[in-house]
Amino acid sequence: GPLTTLASIESLAEADAHPRCLVLSIKPRYVDKILAGAKTVELRRTGPDVEPGTPVLLYSSTPVKAAVGFAALDDIVKQTPTGLWDSLGSHAGVTRAEYREYFHGAERAFGLRLTNVRRAPSAVSLEQMRLMGVEPPQSWRYISGELAAKFFDRMRFA
């Protein structure tokens, strides 16, 4: 969409450009696929309430334990697990079996479409994150735009 130009990521340097940022905790093998452009949809059993164009901080979970990049949220698709697989499964970077296991027992499935993925020149370790007052989420959480701007600076994008 119109909000998801590179400018939306560059504007992270301006603390007031976005009221909040979405932090996604993602397994390293999936983060690698996102950074490589092979995975453009991140799957969740619960859906955050955020506007298209919202910045997304990508946290690579154990064993990496570091914030490794940013993306912009293109949109969130909410469907039944079967419906979501049919429409976006090929972009999710998972096998049908992995997908089925993840959504087992779920009535709803959320597909977060990511765009403008940028690998951080310098990752921010879990220790550094905690010093900044951010505990990585199990799935997702919000941080302020002001805090997101601090991550952007620390990641040496500028």
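Residues numbered from 1 in each chain as written. Predicted model: local features only at pLDDT ≥ 70, side-chain atom pairs only at ≥ 80, totals over all residues. Heavy atoms only, no water.

Undergrad: Can you help me understand the nonpolar core in this one?
TA: Here is a general trend for soluble globular proteins: nonpolar side chains tend to be buried in one another's company. Core analysis: the biggest nonpolar cluster contains 29 residues, and Leu43, Val56, Leu58 and Tyr99 have the highest contact counts within it. Of all the elements in the fold, those that place two or more residues in this core are strand S1 (20-26), helix H2 (28-36), strand S2 (41-44), strand S3 (55-60), strand S4 (66-79), helix H3 (81-88) and strand S5 (109-125). The element contributing the most residues to this core is S4, with five residues. Apart from residues no more than four positions distant in its own chain, Leu43 is found in contact with Leu84, Ala92, Val94, Tyr99, Tyr102, Phe103 and Phe110. Judged by nonpolar contacts, the second largest core, of 19 residues, contains Phe70, Leu126, Val134 and Ile143. (Core = buried A, V, L, I, M, F, W, Y, C linked by side-chain atoms within 4.5 Å. Buried < 20%, exposed > 50% of the residue type's maximum accessible area, 1.4 Å probe, protein only. Helix = DSSP H or I, 4+ residues; strand = E, 2+ residues; numbered from the N terminus. Contact = heavy atoms within 4.5 Å.)

Undergrad: Looking at this structure, I do not really get the environment of Thr46. What am I missing?
TA: Secondary-structure assignment places Thr46 in the loop between S2 and S3. Of the residues examined, Thr46 reaches a relative accessible area of 44% and is grouped as partly exposed. With 62 residues separating them in the primary sequence, Thr46 and Arg108 have C-alpha atoms 7.8 Å apart. Once residues within four sequence positions are removed from consideration, Thr46 is found in contact with Phe110 and Trp140. Looking at Thr46, its side chain comes within polar contact range of the side chain of Trp140, at 3.1 Å. (Polar contact = N/O pair within 3.5 Å; in protein donor to acceptor, adjacent residues only side chain to side chain.)

Undergrad: Please explain the sheet that holds S2 as it appears in this structure.
TA: Taken together, six strands build an open sheet; the order of strands is S2-S5-S4-S3-S1-S6 and the sheet is mixed. Every interior strand has two partners, whereas the edge strands, S2 and strand S6 (140-144), have only one. Recorded for the sheet is a direction-independent mean angle of 40 degrees between the axes of neighbouring strands. Here S4 runs beside S5; their pairing, made up of 11 bridges, is antiparallel. Counterpart to Lys78 in the pairing with S5 is Phe110. Across the sheet, H3 touches S2, S4 and S5, and the angle it forms with S4 is around 110 degrees. (Pairing = 2+ DSSP bridges. Axes fitted to C-alpha atoms, helices over the stretch in contact; angles between N-to-C directions.)

Undergrad: Explanation requested: the environment of Pro63 in the structure shown.
TA: Relative to the helices and strands, Pro63 is located in the loop between S3 and S4. For the pair Pro63 and Lys27, spaced 36 residues apart in sequence, the C-alpha separation works out to 8.7 Å.

Undergrad: Sorry if this is basic, but what is going on with H2 here?
TA: Since the α-helix packs 3.6 residues into each turn, any two residues three or four apart lie on the same face. Among all positions of H2, only Pro28, Tyr30, Val31, Ile34 and Leu35 are buried. Buried residues along H2 cover an arc of 160 degrees about the axis, so they all sit on one side. Contacts from the buried residues of H2 go to S1, S2, S3, S4, helix H4 (96-102) and S5. Immediately downstream of H2, the backbone of Gly37 shows phi near 85 degrees, a positive value. (Arc of directions from axis to C-beta.)

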